[in-house]
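Chains, contacts and geometry: an overview
Chain by chain, the residues:
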Amino acid sequence: MKHSTKVILISGFSLILVILAVFLFIKIRGNTANIFDRQKNEEIPSERLILGFSQIGSESAWRTRNTQSIIEAAEAKNIQLIFDDAQQKQENQLKAIRSFIVYQVDVIAFVPIVEDGWDNVLQEAKDAGIPVIIVDRQIKADPSLYAGFLGENGFEEGRSAAKFLVEKCAKDNRYRINIVEFSGTENSSVATGRAEGFRSVIKDDPRYNIIYSEDGDFLRSRGKEIMDKILVESKGQLMYKGHKIDAIYSHNDSMTLGLLDSLKQKQVPANDTIIISIDAEQKSIDALTQGKLNCVVECNPNLGPILMELVKQIASGKEIPKVTYMHESVFTENDDFSLYKPRGY
């Protein structure tokens with residue numbers, strides 16, 4: 001009986017050892033499989049969308065923020081960004097777009113420095129099956145050659161600037177209001193839109209006269225240069241060819257800051273001159289709160305997140321809106337400045 005019991009005890013113990021051995025084998029095998037699966041996933045990462053983007057340059061704080069917004073949004077959406085700075089030259093943009101085509105990116109986006117001259121390269125992209133999104137500035141081209149536009153409405157920005165001027169001068173008894181215009185880059189859609197929008201509001205009131213307009217190329221240096229020339233010719237007075245300058249309409253903050261530099265350097269007061277700018281960089285908002293400007297129309301540079309959503313949609317085969325405008329505000333001398341938040345650019 002003792003022997004039999006002992007055998008049973010030994011057999012029971014052996015069974016326990018076998019069960020434990022099988023359990024450990026299964027556990028180790030499972031862990032090993034998980035390791036191989038994990039290594040496989042690490043070795044073959046999920047495919048990322050590739051966006052080729054050509055920026056016109058870095059001519060202003062606005063443009064710098066615009067670029068940052070796109071880079072940040074691409075990173076946040078895990079989109080690989082191939083970035084090119086065209087340094088204000090259309091030929092550089094054409095080369096960049098063609099290089100994107102050769103690289104076979106998923107989507108191309110670019111900020112056109114001028115309106116014309118894009119049909120051929122857009123046709124090349126279309127033939128390669130690569131959709132194109134026009135950003136910030138519009139172009140004159142066959143709409144079937146690109147997927148859509150994302151950016152500001154230059155015409156409405158111009159209208160907003162003129163509406164402020166008209167409202168401010170509504171009770172003014174002057175029979176004539178002389179305006180000097182600092183225009184943006186010639187043949188750029190944004191300069192054309194801002195000029196046409198402004199004129200659409202004042203055209204039916206004979207009091208408003210644009211007595212001088214010059215292309216400042218959206219550059220601070222050019223804004224200062226133009227104002228320097230005006231002051232030299234008028235012997236230090238805010239006048240143009242004998243006419244008092246009642247209002248200055250500048251197509252962007254960089255040129256506005258440049259003309260303010262000139263006025264400060266030459267110690268010419270501008271208290272009686274209405275100055276209106278577009279962009280809403282922090283420095284121009286500061287100038288507004290200091291009484292140096294009267295109105296600043298916003299041009300929103302933070303279009304990166306919306307652009308990446310459009311890129312994802314079009315890469316998945318979906319259509320995108322032909323035109324997408326950014327939301328924009330108007331800041332004026334009548335605002336409660338304590339409610340302003342830092343612009344971030």
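The rules behind each value
- Residues numbered from 1 in each chain as written.
- Predicted model: local features only at pLDDT ≥ 70, side-chain atom pairs only at ≥ 80, totals over all residues.
- Heavy atoms only, no water.
- Phe/Tyr/Trp six-rings, centres within 6.5 Å; stacked < 30°, edge-to-face > 60°.
- Buried < 20%, exposed > 50% of the residue type's maximum accessible area, 1.4 Å probe, protein only.
- pLDDT = per-residue confidence, 0-100.
- Contact = heavy atoms within 4.5 Å.
- Pairing = 2+ DSSP bridges.
- Helix = DSSP H or I, 4+ residues; strand = E, 2+ residues; numbered from the N terminus.
- Axes fitted to C-alpha atoms, helices over the stretch in contact; angles between N-to-C directions.
- Parallel < 35°, antiparallel > 145°, perpendicular 65-115°, else oblique.
- Left-handed = near helix turned anticlockwise from the far one by under 90°.
- Nonpolar A, V, L, I, M, F, W, Y, C, P; charged D, E, K, R; others polar.

Remarks on the packing of aromatic side chains
Per the counting criterion, the structure on display carries 7 aromatic pairs. Ring geometry for Phe110 against Trp118: centres 4.9 Å apart, planes inclined by 50°, an arrangement best described as tilted. For Phe110, a relative accessible area of 0% translates into the label buried. According to the relative accessible area criterion, Trp118 is buried, its value standing at 0%.

Considerations on the confidence of the model for the chain
Across the chain, pLDDT averages 89, with 87% of residues at or above 70. This model gives residues 1-45 a pLDDT under 50, and the stretch forms 0 contacts once residues within four places in sequence are excluded.

Quick notes on the sheet that holds strand β1 (residues 50-55)
Spatially, 6 strands are ordered β2-β1-β3-β4-β5-β13 in an open sheet, and the strand pairing comes out parallel. The open sheet has two free edges, formed respectively by β2 (80-85) and β13 (323-325), since each of these has just one partner strand. Between one strand axis and the next, the sheet turns through 20° on average, direction left out of account. Both β1 and strand β3 (residues 107-110) contribute to a ladder of 4 bridges, which runs parallel. Its bridge partner lying in β3, Leu51 is registered against Val107.

Focus: the packing of helix α2 (residues 61-76) against helix α10 (residues 304-315)
Between α2 and α10, the shortest axis-to-axis distance is 7 Å and the interhelical angle comes to 50°. Our classification of the angle between α2 and α10 gives oblique. The crossing of α2 and α10 is right-handed. In this structure, α2 uses Ser69, Ile70, Ala73 and Ala74 to contact α10, whose residues at the interface are Gly304, Pro305, Leu307 and Met308. Here the contact of α2 with α10 is composed, by residue class, of 6 nonpolar, 2 polar and no charged.

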